[in-house]
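# Examination of the molecular architecture
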Amino acid sequence: MPKPTLSPVPELEAEAGARLPAFSRSSNEALILPEESDGCKAGNVESDSEEEEEEEEEEEEEWDTDLEIEDPKKSYDLAGRAKYLNTCQTFRVVPVSYFVRHMKDAELTLKHHGLNPKAAKALALSLTNNTSIVKLNLSDNWLDGDGGTAVAEMLKENYYITDVNLSENKLGAKGTKALSVMLRANATLLTLTLSGNELDDCAAKYLADAMAVNNKMEALDLSHNMFGEAAGNVLGAAIAENVGLKELNLSWNSIRGQGAVAVARGLGANIFLRVADLAYNGFGNNGAAALGEALKVNNVLEALHISNNRIALEGALSLALGLKENKTLKSLSMARNPIQNEGCIGILKALRANPGTALEDLDLSEIVVKENFMELCDVVLGVVPSLQVKHDRISHLFRTQPLKVS
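Now for a look at the structure at hand. These numbers come from a predicted model, not from an experiment. (Residues numbered from 1 in each chain as written. Predicted model: local features only at pLDDT ≥ 70, side-chain atom pairs only at ≥ 80, totals over all residues. Heavy atoms only, no water.)

### Digging into the pairing of strand 10 (residues 361-364)
- Pairing between strand 9 (residues 331-333) and strand 10: three bridges, direction parallel. Note on strand 10: the bridge partner recorded for L332 is L362.
- Taken together, strand 9, helix 13 (residues 340-352) and strand 10 form a β-α-β motif whose crossover is right-handed.
- Pairing analysis gives four bridges linking strand 10 to strand 11 (residues 388-391), with the strands arranged parallel. Counterpart to L364 in the pairing with strand 11 is H391.
- Once the chain exits strand 10 it traverses helix 14 (residues 371-381) before rejoining the sheet at strand 11, and the crossover so formed is right-handed. (Pairing = 2+ DSSP bridges. Helix = DSSP H or I, 4+ residues; strand = E, 2+ residues; numbered from the N terminus. Right-handed = clockwise from strand over helix to strand, strands pointing away.)

### Observations concerning the pattern of salt bridges
- In the structure shown here, the tally under the stated rule is six salt bridges.
- Between K156 and E153 there is a salt bridge; the shortest N-O distance is 3.3 Å. Highlighted residues: K156 and E153, both in helix 6 (residues 144-157), separated by three residues, approximately one helical turn.
- With relative accessibility at 26%, the residue K156 sits in the partly exposed group.
- Classification of E153 as partly exposed rests on a relative accessible area of 39%.
- Across the pair D209 and K205 runs a salt bridge, and its minimum N-O distance is 3.1 Å. Separated by four residues within a single helix, D209 and K205 lie in helix 8 (residues 201-213), roughly one turn from each other.
- Residue D209 is classed as partly exposed on the basis of its relative accessible area, which comes to 30%.
- With a relative accessible area of 40%, K205 lands in the partly exposed category. (Salt bridge = Lys/Arg side-chain N within 4 Å of Asp/Glu carboxyl O. Buried < 20%, exposed > 50% of the residue type's maximum accessible area, 1.4 Å probe, protein only.)

### Looking at the environment of K296
- For K296, the position within the fold is in helix 11 (residues 284-297).
- Through-space distance from the C-alpha of K296 to that of L323 is 7.3 Å; in sequence the pair is 27 residues apart.
- When sequence neighbours within four positions are dropped, the list of residues in contact with K296 reads L321, G322 and E325.
- One polar contact links K296 to E293, side chain to side chain, over a distance of 3.2 Å. (Contact = heavy atoms within 4.5 Å. Polar contact = N/O pair within 3.5 Å; in protein donor to acceptor, adjacent residues only side chain to side chain.)

### Quick word on the packing of helix 11 against helix 12 (residues 313-323)
- Contact geometry for helix 11 and helix 12: axes closest at 7 Å, N-to-C directions at 5 degrees. Taken together, helix 11 and helix 12 sit at an angle that is classed as roughly parallel. The residues of helix 12 that touch helix 11, namely those facing N285, A288, A289, L291, G292, L295 and K296, are E314, G315, S318, L319, L321, G322 and L323.
- Broken down by class, the residue content of the contact of helix 11 with helix 12 amounts to seven nonpolar, five polar and two charged. (Axes fitted to C-alpha atoms, helices over the stretch in contact; angles between N-to-C directions. Parallel < 35°, antiparallel > 145°, perpendicular 65-115°, else oblique. Nonpolar A, V, L, I, M, F, W, Y, C, P; charged D, E, K, R; others polar.)

### Some details on the packing of aromatic side chains
- Enumeration according to the criterion identifies two aromatic pairs in this entry.
- Ring plane angle 90 degrees and centroid distance 4.7 Å describe the contact between Y84 and F99, whose orientation is recorded as edge-to-face. With a gap of 15 residues between them, Y84 in helix 3 (residues 81-91) and F99 in helix 4 (residues 97-102) connect regions that are remote in the sequence.
- Judged by relative accessible area, Y84 falls into the buried class, the value being 2%.
- The interplanar angle of 10 degrees and the centroid separation of 3.9 Å between the aromatic rings of W252 and Y280 together place this pair among those described as stacked. In this pair, W252 sits in the loop between strand 6 (247-249) and helix 10 (257-269) while Y280 sits in the loop between strand 7 (275-277) and helix 11, placing the two residues 28 residues apart along the sequence.
- Since its relative accessible area comes to 41%, W252 is described here as partly exposed.
- When the ring centre of W142 is taken as reference, the NZ or CZ atom of K170 above it lies at 4.7 Å. (Phe/Tyr/Trp six-rings, centres within 6.5 Å; stacked < 30°, edge-to-face > 60°. Lys NZ or Arg CZ within 6 Å of the ring centre and 35° of its normal.)

Below, the structure written as structure tokens:
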């Protein structure tokens, strides 16, 4: 007897369909079974499936976002802090905590920190890519020639630092040679201070080579060194060729003789220099005479300091001949020179004979003057009413009222 064919019951089909497991879109994911419930219907399965699709889309969106922000989350060491600490570890030197805290400042002063050549090299390597610091002061750290060389190599790469002070560091010829090479390549450094580095005539040759080529640097301080007559010869030629310097400090050296004459002639040929400090050298009468000739032709120099240069009466009168024709010099310091009262009078007579003089400040400190000098000052006021004169350790401003002499 044939078996009866059973027809599916719609209610059972619907119930069975409601209990079928729902598969996720990804083949790698585990099966997701809907929670059993007495009130569960087919419509709930569709709703759960839609929620799963929305969750998957949100997960995909979150994954995309992670990819987008991956680069910004990277660590950037713009100031070079990590590089500095690693370099200090390599050279086995103690990191300078002040530098770590202030390497993002515009001005960094690390004078008297006792840096040695290795510490200076670690510092210089971290400053190579520094874009914050524009003024760097490393004075009095005993960098030596090796430390000076490291700083020079850094300045070849760093185009943000414009002011560097390396005074009192015993750089010597080695450090100066490296700085000279740097100055021929660097086009952003404006101010360089090398005061008190025991620089001799050999070092002067390196600096002269750089001065003749570099036309960007505006201020150079070479004071308190050991430059002699030979240094004056090479520096004088470089001054004549330089077309960038506005301020030059050669004070407290031993430039004399023909070296002094060469420097004076360089000033006469230079058409950019505004301030020249030649105090505490040994220019003497010959150097003063050469300076007088320079003042006749130079029409840009505004300040000349030649205090304590062994200039006597003869030199003062020769210098006065230049003042008689000069129209731009505003400040002249001749303090502590043995020019006597007659030399001071010669300077005043030159100013009286030059109605176009621009001189405003005349320093004749520690030079004893007499009553005739005081009387002549009143006469000069008619030509240069704003003139200020310093003499015998006391400052006097000569106005329209004559001064009383005790």
